[in-house]
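Structural overview for review
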Amino acid sequence: QREKELDEIYEVKRKEQECLMEKLGNIKKVVEKGQESYDIMCAEDKLIEKNFKKEFHDQNAAVVDVLLRAFKRRPKRNLIAQANLQTDISPYNPYSERPSTARQQKAQRSALLSSVDEMDNDRREDIDVDVWQRLCKIRRKKIVKEFDIKLKALDVAEMNSFYQRRQEDEGALKDELQYIESLQETLYEDRFRFYANLEIQLLMKQGQVEVEASSIIHDFTDSILIHRSVVEELNKKIRELGEAKVK
């Protein structure tokens, strides 16, 4: 009964492990795809900054220096939407509806773009409107890209965390299977010992025990029990060899 119970538990755990391993494979593909997307976004972000001066090759060094400082400016109210969302939540009601991640990100993006609009209106008089508009377009693209990279980084981190938790679950299942296998092995050994390693008492006639006798009890630890015909056949061959040698 115990053996059957262990076999059933082992089979359930084994199928559960197979299912989890399949899920881990799918999750790993998603994580790798997310990491690849993140790397591409980072490369695009660096390219925007690298090509900045090329966009204003028609301007003198002084103007480019002013534009570069403006390009590196960032909104002071960056990602303030969380505070705005809190106004829709009752602080006295723990069961009130919380904003979803998508709503938060949408509000954060909206707040960010509003701050960028304010920065776009801060043009110096010595900068041509056309040049300033070109700067604003590039700067907006860079700021939005940075925002998207931060969101993607959080997304990839969350995916990696989820993948790690599933790996830990798989490791725990593996340990459970190994423990069940050890119980099964112990059970099989006990059963084999019960059926094949029995202690029995035999009444041996004088001359049938060829073990050195001790003072009290014979020690049969290193002894084997064989059929008498084997010994008789061996003794017969010994006699024949002895007679042949004498002749």
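In this text the structure is predicted, and so the values were computed from the model without any measurement.

Turning our eyes to something else, we now look at the layout of surface pockets. Taken as a whole, the largest pocket encloses approximately 860 Å³ of empty space. For the lining of the largest pocket, the class distribution of residues is ten nonpolar, seven polar and four charged. One number sums up the size of the second largest pocket: a volume of about 200 Å³. If you trace the second largest pocket, you find it lined by Glu44, Leu47, Ile48, Asn51, Phe52, Glu55, Lys137, Ile138 and Lys141. Of all the secondary-structure elements, those providing two or more residues to the lining of the second largest pocket are α1 (2-50), α2 (52-55) and α6 (129-196).

This part takes up the packing of aromatic side chains. What the rule picks out here adds up to two aromatic pairs. Seen from their ring centres, Phe52 and Phe56 are 5.2 Å apart, and the 50° between their planes marks the pair as tilted. Among the residues examined, Phe52 registers a relative accessible area of 1% and is labelled buried. Members of the aromatic cluster, joined through ring pairs, are Phe52, Phe56 and Phe71. Above the face of the Phe162 ring, Arg166 is positioned so that its terminal group lies 4.7 Å from the ring centre.

Below, the discussion takes up the pattern of salt bridges. Applying the stated criterion across every chain yields a total of 23 salt bridges. Across the pair Lys145 and Glu44 runs a salt bridge, and its minimum N-O distance is 2.7 Å. Of this pair, Lys145 sits in helix α6 while Glu44 sits in helix α1, and the two are 101 residues apart along the sequence. Its relative accessible area of 16% is what places Lys145 among the buried residues. By relative accessible area, Glu44 is classed as partly exposed at 37%. As a salt-bridge pair, Asp148 and Arg109 come within 2.4 Å of each other at their nearest N and O atoms. With a gap of 39 residues between them, Asp148 in helix α6 and Arg109 in helix α5 (residues 101-120) connect regions that are remote in the sequence. Owing to a relative accessible area of 21%, Asp148 belongs among the partly exposed residues under this scheme. Beyond isolated ion pairs, a larger network of salt bridges with shared partners links Asp45, Glu49, Arg74, Lys142 and Glu146.

Before going further, it helps to spend a moment on the confidence of the model for the chain. Within the chain, residue pLDDT values average 83, and 86% of them lie at 70 or more. Low confidence marks residues 78-83, where pLDDT is under 50. Its contacts with residues over four positions away, or in another chain, come to eleven contacts.

Let us look at the packing of helix α3 (residues 61-72) against α6. One way to put it is that α3 packs onto α6 with a least axis distance of 9 Å and a crossing angle of 35°. With respect to the hand of their crossing, α3 and α6 are arranged in right-handed fashion. Two secondary-structure elements touch here, α3 through Leu67, Ala70 and Phe71 and α6 through Val131, Trp132, Leu135, Ile138, Arg139 and Lys142. Here the residues of the contact of α3 with α6 sort into seven nonpolar, no polar and two charged.

In a soluble, globular protein the nonpolar side chains are often hidden away together inside. Of all hydrophobic cores here, the largest spans 15 residues; its most connected members are Phe52, Phe56, Leu67, Ile127 and Leu135. When contributions to this core are tallied by element, the ones reaching two or more residues are α3 and α6. The biggest single contributor to this core is α3, with six residues.

A few words now on α3. Structurally, the α-helix is built with 3.6 residues per turn, so residues lying three or four positions apart point the same way. Here α3 is twelve residues long and its end C-alpha atoms lie 16 Å apart, about the 16 Å a rise of 1.5 Å per residue gives. The set of residues buried in α3 consists of Val63, Val64, Val66, Leu67, Ala70 and Phe71. Buried residues along α3 cover an arc of 160° about the axis, so they all sit on one side. Exposed and oriented more than 90 degrees from the buried face of α3 are Ala61, Ala62 and Lys72. Along its buried surface, α3 packs onto α1, α2 and α6. Its side-chain oxygen placed 3.1 Å from the backbone nitrogen of Ala62, Asn60 serves as the N-cap of α3.

Together, Leu198, Ile200, Leu202, Met204, Val209, Phe220 and Leu225 make up a nonpolar patch on the protein surface, roughly 700 Å² of accessible area in all. Exposure remark for Met204: the relative accessible area of 36% places this residue in the partly exposed category.

Cut-off values and rules
- Note on numbering: residues in each chain are counted from 1, in written sequence order.
- Under the rules for a predicted model, residues below a pLDDT of 70 receive no local features and side-chain atom pairs below 80 are neither given nor counted, while totals for whole chains, interfaces and linings still include all residues.
- Based on all heavy atoms of the structure, the side-chain values leave hydrogens and waters out of the count.
- For each structure, a 1 Å grid was placed over the protein atoms alone; sets of points admitting a 1.4 Å probe that cannot get out are labelled cavities, open sets with protein on both sides within 12 Å along at least five of seven lines are labelled pockets, and lining residues have an atom within 4 Å of a point.
- Grid points are joined across faces, edges and corners, and a volume is the space filled by probe spheres set on the points.
- Think of it as three bins: nonpolar holds Ala, Val, Leu, Ile, Met, Phe, Trp, Tyr, Cys and Pro, charged holds Asp, Glu, Lys and Arg, and polar takes everything else, Gly as well.
- Only DSSP runs of H or I with at least four residues qualify as helices, and only runs of E with at least two residues qualify as strands; both kinds are numbered from the N terminus onward.
- Working definition: a ring pair exists when centres of Phe, Tyr or Trp rings (six-membered ring for Trp) sit within 6.5 Å. Plane angles under 30 degrees give stacked, over 60 give edge-to-face, the rest tilted.
- When accessible area is computed with a 1.4 Å probe and restricted to protein chains, residues below 20% of their type maximum are described as buried, those above 50% as exposed, and intermediate ones as partly exposed.
- Whether a charge sits over a ring depends on NZ of Lys or CZ of Arg being within 6 Å of the ring centre and within 35 degrees of the ring normal.
- Salt bridge criterion: a side-chain nitrogen from Lys or Arg within 4 Å of a carboxyl oxygen from Asp or Glu.
- Scored from 0 to 100, pLDDT reflects the predictor's confidence in each residue.
- Should any heavy atoms of two residues lie within 4.5 Å, those residues are considered in contact.
- Note on geometry: axes are lines fitted to C-alpha atoms, helical ones only across the stretch in contact, with angles between N-to-C directions running from 0 to 180 degrees.
- Crossing chirality is assigned from the near helix's rotation relative to the far helix, an anticlockwise turn below a right angle marking it left-handed and a clockwise turn marking it right-handed.
- Only buried residues count toward a nonpolar core. Its members are Ala, Val, Leu, Ile, Met, Phe, Trp, Tyr and Cys residues joined through side-chain atoms within 4.5 Å.
- To estimate the expected span of a helix, count its residues, drop one, and scale the result by 1.5 Å.
- The arc in question is the one spanned by the directions pointing from the helix axis to the C-beta atoms.
- Any pair of N or O atoms that falls within 3.5 Å is considered a polar contact. Within protein, one atom must be able to donate a hydrogen and the other to accept it, and sequence-neighbouring residues count only if both atoms are side-chain atoms.
- Patches in this entry comprise residues that are over 30% relatively accessible and not in a salt bridge; like charges within 9 Å are linked, as are nonpolar side chains (Val, Leu, Ile, Met, Phe, Trp, Tyr) within 5 Å.
- The protein chains shown are the only cover counted for residues, whose accessible areas, like all others here, come from Shrake-Rupley with a 1.4 Å probe.

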